[in-house]
Amino acid sequence: MALKLNLAWVLVFLLTAGAAARDWDYSTFTFDEVNKLRQSTPPNRLKIYDGVVGRYMKEIHHATQMRSYERALKQCDVLDHAMDWVLEDIRSCLEVEKYRNHKHLRNFEIQLRKSVSLLGAIQRSVPYKDQDALQPLIRKMTYARSLLFKFINNFDEEPS
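Structure report, in brief. All values derive from a computational prediction rather than experimental measurement.

Overview of the packing of aromatic side chains
One pass over the structure, following the stated rule, counts 3 aromatic pairs. Centroid distance Y26 to F31: 6.0 Å. Interplanar angle 20°. Geometry classified as stacked. Given a relative accessible area of 43%, Y26 falls into the partly exposed group. On the basis of relative accessibility, which here comes to 53%, the residue F31 falls in the exposed class. Here a set of aromatic residues connected by ring pairs shows up, and it is made of F29, Y49 and W85. For R55, the ring lying beneath its charged end belongs to Y56, and the centroid distance is 4.8 Å. Note that R145 overlies the ring of F149, its terminal NZ or CZ placed 5.4 Å from the centroid.

Here's what the structure looks like:
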């Protein structure tokens, strides 16, 4: 009896260890966003990420207009950190064929296209010494956009 109970506990422990909850960063996301992200499926998380990226892009744009380049670069670092979660959820969306025509994926791809364009303009407007600091974020957003674009438009499949 004790052996069966111990095996049951080991089994429960191993199953829950693999399905551990993600640790969302409260410095990157608001409390409400974290609660919504925990409860959502990957395509619905992209809708939340759409708002997060839009919020940070607005803050970065405003900071560069006010010539507060340190604040803009700090917000770029936070957005770069958020893009790690975005890429993880994009990869999980790519595994499910039924998400190919999901509207949140299309809307987020459009948001990324606009954001990359705006970051390119911001990169040209910041001082020359700070321009290289924006490049990793631009590269990461371009990569995420290209993954979504190829998946949505069936360019990810190999020709037969």
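This is not the end of the story, as more comes after the structure.
Re helix 3 (residues 42–65)
The end-to-end C-alpha distance of helix 3 is 34 Å, a good match for the 34 Å that 24 residues give at a rise of 1.5 Å each. One or two positions beyond helix 3, positive phi appears at R67, with a value near 60°.

A closer look at helix 2 (residues 31–39)
For helix 2, the complete set of buried residues consists of E33, V34 and L37. Summarising the axial view, the buried residues of helix 2 lie within an arc of 100°, below the 170-degree limit, and thus occupy one face. What points out from helix 2, more than 90 degrees from its buried face, is the exposed set F31, D32 and Q39. Looking at the buried side of helix 2, the elements it contacts are helix 3.

The rules behind these values
- Residues numbered from 1 in each chain as written.
- Predicted model: local features only at pLDDT ≥ 70, side-chain atom pairs only at ≥ 80, totals over all residues.
- Heavy atoms only, no water.
- Phe/Tyr/Trp six-rings, centres within 6.5 Å; stacked < 30°, edge-to-face > 60°.
- Buried < 20%, exposed > 50% of the residue type's maximum accessible area, 1.4 Å probe, protein only.
- Lys NZ or Arg CZ within 6 Å of the ring centre and 35° of its normal.
- Helix = DSSP H or I, 4+ residues; strand = E, 2+ residues; numbered from the N terminus.
- Expected span 1.5 Å × (residues − 1).
- Arc of directions from axis to C-beta.
- Contact = heavy atoms within 4.5 Å.

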